[in-house]
Amino acid sequence: MFDLGIEGGTLFTPAGAIKANLYILHEKIAAIAGERLASQRTLNADGAYIFPGAIDAHVHSRDPGLTHKETFAHSTQAAAAGGVTTILEMPNSIPPVIDAASFQDRLSHLMPQARVDFGLWGMLTAQTEAAQVAALAQLGVVGFKLFWGYALDKTTLALVYSASDPQAVIPPPSNGQVLELGQWVARTGRVLAMHAEDAAIITHRSGQSTPALSAYARLLYERPSVSEALAIEMGIRLAHESRCPLHIVHMACQEGVDIVQQARQRGIDVTAETCPQYLTLTASDAERAGTLGKVYPPIRSERHRQALLKGLLTNAVSLVASDHAPHSRDEKSQPMAKAPAGVAGVQTLLPLLFDVALRGELPIASIPLWLAERPAERFGIAHRKGRVAIGLDADVVVLDPAGHTVIEPASLYSLNPDNPWQGKTLRGRVVWTVLRGRVIAQNGRPRDQAGGQFVPHCQGPQDTVHETRG
Ligand SMILES: [Zn+2]
């Protein structure tokens, strides 16, 4: 007798879409069958699509430190409501995850709040030491994030977007340090994830006056695609020299797609992610959305949007993540130049991508690849997550392609859910989100109940105990 059956739907498995029933036992996918089998409980998924639960590889839950923006309880409820069953949490909380002690503190802080499963990123700074990287790997971080070009506040280690007092900050690592950090990460078998925008271009242009430009055009001027392209190019060279797998986060420009594509063709171990904001919006949409459309890198023209869509089809862009980064309404109410960058996006990640696919801009069958299979593989959790396959964690999302989703604050669960898609009606609807066999959200409403687990990288912590040191 199985614990749960999901019957009558179309399963999106790595081998293709098949009409079959799915059965779950002891939190794992236990059977995929054409016939109906006995189970304690069943969900009727007639006409629905069953995807692996989405894995959002790029989430800033702000917790601890900036809990007026977001908390882990809120971000993980939002995740559950939107069909995300695992989030990979970025390390720039206050304090950030930079060593074993801060990792342990953050893990015990987040665990009781977790509504979905989660992995943790470690953070690299100009002061990181080799032993800290090794220790974080041993504890199971999914990878290491380098906020390339950003200085850090000396007291809080928070990212400093424009340093006015050089004495108050730790400067960003030099290229020499990045090479060395890459070597340390390479030894751990993890991925180095890079924010790729050239700080020198941004600093120079931010100091110029451009009275003729609108506030949004000014943002694009300060952060042009060439700053992304340069940083991506240089990041690839440095990481390759260090023999370190590289992941470019939130890629937003055509040049990036071309550079990553060429590097991959040369056999370089680099992947890139993009985000729904770059796939569904253009600069004019972002400008209309005001500061809610302000993200780094900025949302650019239709040419870039088309290149990113195409990049997904050729695997120049390997995955889609939200870069969920909410701010309070007060913070976002400031003028464009002052308002912080970032959108709330974990809940709308899958619904937006599903809508794009239902509108014919991307193939539906590839969504599980971009939102589950590839992130699981790249960040070392594919032994448990990322596919509808027997033996894996029973994390699935049941979607109704005939339904609709209205994006409105009342149905969003982030602490500060304002976003540039507000008021839109999307095709398709998340019906059930199932985490290890348990329904954690139904019809967009999360069950308010913790129970998420920490998911370590497959090489840690359990396996590293047996590692021999050479
Ligand atoms: Zn981010």
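Fair warning: this is a prediction, and the values are worked out from it, not measured in the lab.

## Quick word on the overall build of the chain
- Counting secondary structure elements, the chain contains 14 helices and 23 strands.
- For 470 residues, the compact-globule formula gives about 23 Å, and the C-alpha radius of gyration of the chain, at 21 Å, lands near that figure.
- Along the longest, intermediate and shortest principal axes, the C-alpha atoms of the chain span 65 × 55 × 45 Å.
- Among the 470 residues that make up the chain, the fraction classed as buried is 61%.
- Long-range pairs, those at least 24 residues apart, make up 73% of the contacts in the chain between residues at least 6 apart in sequence.
- Total accessible area computed for the chain in this model is approximately 17,800 Å², and 52% of it derives from carbon and sulfur atoms.
- Here the chain contributes 42 positive and 44 negative side-chain charges, whose respective centroids are spaced 2 Å apart.

## A short note on the coordination of the zinc ion
- On the protein side, the zinc ion has H58 (NE2), H60 (NE2) and D323 (OD) as donor atoms, found 2.0 to 2.2 Å from it.
- In primary sequence terms, the donor set of the zinc ion follows H-x1-H-x262-D. Of this pair, H60 sits in the loop between β8 (54–59) and α1 (72–81) while D323 sits in the loop between β19 (319–320) and α12 (329–332), placing them 263 residues apart in sequence.
- A relative accessible area of 9% places H60 in the buried class.

## Description of helix α8 (residues 254–265)
- For α8, built from twelve residues, the straight-helix expectation of 16 Å at 1.5 Å per residue is met to within 8% by its first-to-last C-alpha distance of 17 Å.
- When α8 is considered as a whole, its buried residues turn out to be G256, V257, I259, V260 and A263.
- Packing partners of the buried residues in α8 comprise α7 (225–241), β17 (246–248), β18 (270–274) and α11 (302–314).
- Phi turns positive, to about 90 degrees, at G267, one or two residues after α8.

## A few points about the environment of Q104
- Position of Q104 relative to the elements: it lies in helix α2 (residues 100–110).
- Note on Q104: relative accessible area 40%, which makes it partly exposed.
- Spatially, the C-alpha atom of Q104 lies 34 Å from that of L4, the residues being 100 residues apart in sequence.

## Some points on the packing of aromatic side chains
- Applying the stated criterion across every chain yields a total of nine aromatic pairs.
- Ring centres of F51 and F354 lie 5.9 Å apart, and the angle between their planes is 85 degrees; on these two criteria the pair is classed as edge-to-face. Placement of F51 in strand β7 (residues 49–52) and of F354 in helix α13 (residues 349–358) is noted, with a sequence separation of 303 residues between them.
- Here W121 and F379 contribute two aromatic rings whose centre-to-centre distance is 5.1 Å and whose plane-to-plane angle is 65 degrees, an arrangement assigned as edge-to-face. Of this pair, W121 sits in the loop between β10 (117–120) and β11 (122–124) while F379 sits in the loop between α14 (367–378) and β20 (396–406), placing them 258 residues apart in sequence.
- The buried category is assigned to W121, whose relative accessible area is 1%.
- Here F379 falls in the buried class, since its relative accessible area comes to 0%.

## Some details on the sheet that holds strand β15 (residues 169–170)
- Spatial strand order, β14-β13-β15: three strands in an open sheet with antiparallel pairing. Unpaired on one side and paired on the other, β14 (159–160) and β15 mark the two borders of the sheet.
- The sheet contact formed by strand β13 (residues 151–153) and β14 spans two bridges and is antiparallel. The partner of A151 across the bridge, within β14, is V160.

## Some points on the side chain of T291
- Within the secondary structure, T291 is located in the loop between α10 (283–288) and α11.
- Not counting the four nearest positions on each side in its chain, T291 is found in contact with K332, Q334, P335, M336 and A339.

## Quick word on the sheet that holds strand β4 (residues 21–25)
- Across the sheet, four strands lie side by side as β5-β4-β1-β6; this open sheet has mixed pairing. Two strands in the sheet have a free side with no partner beyond their single neighbour: β5 (28–33) and β6 (39–44). Neighbour to neighbour, the strand axes of the sheet diverge by 25 degrees on average, direction disregarded.
- Bridge count between β4 and β5: five bridges; the pairing is antiparallel. Its bridge partner being in β5, N21 is matched across the sheet by A33.

## Things to note about the nonpolar core
- Counting residues in hydrophobic clusters, the biggest one holds 105 residues, and the most contacted among them are F51, I87, F103, F118, I236 and I248.
- In terms of residues, this core owes the most to one element, α13, which gives eight residues.
- Membership of the second largest hydrophobic core comes to 19 residues, among which are L4, A20, V398 and V431.

Criteria and cut-off values
Residues numbered from 1 in each chain as written. Predicted model: local features only at pLDDT ≥ 70, side-chain atom pairs only at ≥ 80, totals over all residues. Heavy atoms only, no water. Helix = DSSP H or I, 4+ residues; strand = E, 2+ residues; numbered from the N terminus. Rg over C-alpha atoms; globule rule 2.2 N^0.38 Å. Buried < 20%, exposed > 50% of the residue type's maximum accessible area, 1.4 Å probe, protein only. Contact = heavy atoms within 4.5 Å. Areas by Shrake-Rupley, 256 points an atom, 1.4 Å probe, with all protein chains shown as cover. Lys, Arg positive; Asp, Glu negative; His and termini not counted. Charge placed at Lys NZ, Arg CZ, Asp CG, Glu CD. Donors = N, O, S within 2.8 Å, 3.2 Å for Na, K, Ca; no water. Expected span 1.5 Å × (residues − 1). Phe/Tyr/Trp six-rings, centres within 6.5 Å; stacked < 30°, edge-to-face > 60°. Pairing = 2+ DSSP bridges. Axes fitted to C-alpha atoms, helices over the stretch in contact; angles between N-to-C directions. Core = buried A, V, L, I, M, F, W, Y, C linked by side-chain atoms within 4.5 Å.

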